[in-house]
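Structural overview
Take a look at the letters that make up each chain.
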Amino acid sequence: MCIRDRYRTQKGEFPPGCSEADYERRLTGAYPIHPELFDRLYGEWSTLDKFQRTRGVLRLMASVVHELWERNDQSLLVMPATVPLDGAVKSELLKFLEPAWSPVIDADIDGPNALPLQLDRDNPALGRYSATRRVARTVFMGSAPTQQAANRGIDDRRVKLGCVQPGESPATFGDALRRLKDQATYLYVDGQRYWYSLQPTVTRLANDRALSHFSDDDVDHEVQKRLLGERQVGDFAAVHAAPASPSDVPDEPRARLVVLGPEHPHVPKTADSPALIQASLI
């Protein structure tokens, strides 16, 4: 399915107007560059003081095209998702942004060890299209210059517009966006709008601080401590919390409640669940 037919048959996945004849003319006139990339550059990026509207776009596009040529990029269109945010392109963009964006790009967008690359590697359905990395690039290109704007970021339909090429499903990139939202350090969400910020999200900051204060052993110890403090037997003859071995539970004809410790987790729908194996020994 060609890209204009995709816009017509799946209108709900893309911003209003993409299925109209005028947008088709823009697609044809701008080819092989997608109009969405020009919209972001002449829109949000041109609001930056140091970004000269015409010269800035020409310089950046020259750098982007050169990098894609050098990398033998096989993309059908040059879109926000295909802008390589490393090397010369990253250096060009950082001329217009605060230097603090560099570690954000490296960690959450397009660095050699960035989260999107890891998510694509861990999920073959996404990795086939480099979907998470393309989503991250698109959100960055649409949101980095809008830090001071009242309506920051771009909505999920515009993210898909900046990612989906002919023959690709919008659902793939929707899935990538959800996974990125759950794990990224600098990606913010408000309703259906997404943007990158220079400050870590509160949730990620809290998780990182919790991990820095508590090890897995600390957590296991606290769980066992609380289990051992449980003395309410209810209808059972006794409660055995986190028994060290099967011999700690008397073999007698009375119903007892045995609560296994965290070292014996249950894995559903598997025959070798540690909890089931331990329970069979008691």
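For the structure, check the block above.
Residues numbered from 1 in each chain as written. Predicted model: local features only at pLDDT ≥ 70, side-chain atom pairs only at ≥ 80, totals over all residues. Heavy atoms only, no water.

What follows is about the overall build of the protein. Along the backbone of the protein there are 14 helices and five strands. The C-alpha atoms of the protein give 26 Å as radius of gyration, which overshoots the globular expectation for 282 residues (19 Å, by more than 25%). Projected onto its principal axes, the C-alpha positions of the protein cover 85 × 40 × 35 Å. As displayed, the protein has an accessible area near 15,800 Å², and 51% of this comes from carbon and sulfur atoms. (Helix = DSSP H or I, 4+ residues; strand = E, 2+ residues; numbered from the N terminus. Rg over C-alpha atoms; globule rule 2.2 N^0.38 Å. Areas by Shrake-Rupley, 256 points an atom, 1.4 Å probe, with all protein chains shown as cover.)

Turning to the side chain of aspartate 120, a few remarks are in order. In this structure, aspartate 120 sits in helix H7 (residues 115–122). Leave out the neighbours within four places in its chain, and aspartate 120 touches Leu126, Gly127, Ser130, Ala131, Thr132 and Arg133. (Contact = heavy atoms within 4.5 Å.)

On to the packing of aromatic side chains. Enumeration according to the criterion identifies eight aromatic pairs in this entry. When the ring of phenylalanine 51 is compared with that of phenylalanine 96, the centres are 4.9 Å apart and the planes differ by 75°; the resulting orientation is edge-to-face. Placement of the pair is phenylalanine 51 in the loop between helix H3 (35–42) and helix H4 (53–70) and phenylalanine 96 in the loop between helix H5 (87–93) and helix H6 (101–108), with a sequence separation of 45 residues. Like phenylalanine 96, phenylalanine 51 is buried. Pairing tyrosine 188 with tryptophan 195 gives two aromatic rings, centres 6.0 Å apart and planes at 15°, and the pair type is stacked. Tyrosine 188 sits in the partly exposed class, given a relative accessible area of 23%. The class for tryptophan 195 is buried, based on a relative accessible area of 7%. (Phe/Tyr/Trp six-rings, centres within 6.5 Å; stacked < 30°, edge-to-face > 60°. Buried < 20%, exposed > 50% of the residue type's maximum accessible area, 1.4 Å probe, protein only.)

Our focus in this paragraph is the pattern of salt bridges. Under the criterion given, the structure shown has 18 salt bridges. Sharing partners across several salt bridges, the network here consists of Glu36, Arg40, Glu44 and Arg158. (Salt bridge = Lys/Arg side-chain N within 4 Å of Asp/Glu carboxyl O.)

The next subject is the nonpolar core. In terms of nonpolar packing, the biggest core is built from 53 residues, with Trp45, Val135, Phe140, Met141, Leu180 and Tyr196 touching the most fellow members. Other than its neighbours up to four places away in sequence, valine 135 contacts Val159, Cys163, Phe173, Ala176, Leu177 and Leu180. (Core = buried A, V, L, I, M, F, W, Y, C linked by side-chain atoms within 4.5 Å.)

Reading across from one edge, E1-E3-E2 is the order of the three strands in this open sheet, with antiparallel pairing throughout. Edge positions in the open sheet fall to strand E1 (154–155) and strand E2 (187–190), since each of these has one partner strand only. Bridge count between E2 and strand E3 (residues 193–196): four bridges; the pairing is antiparallel. Within the sheet, the bridge partner assigned to leucine 187 lies in E3 and is tyrosine 196. Helix H9 (residues 131–143) rests against E1, E2 and E3 of the sheet, and its axis sits at about 85° to E3. (Pairing = 2+ DSSP bridges. Axes fitted to C-alpha atoms, helices over the stretch in contact; angles between N-to-C directions.)

Any functional reading would require information beyond the geometric quantities listed.
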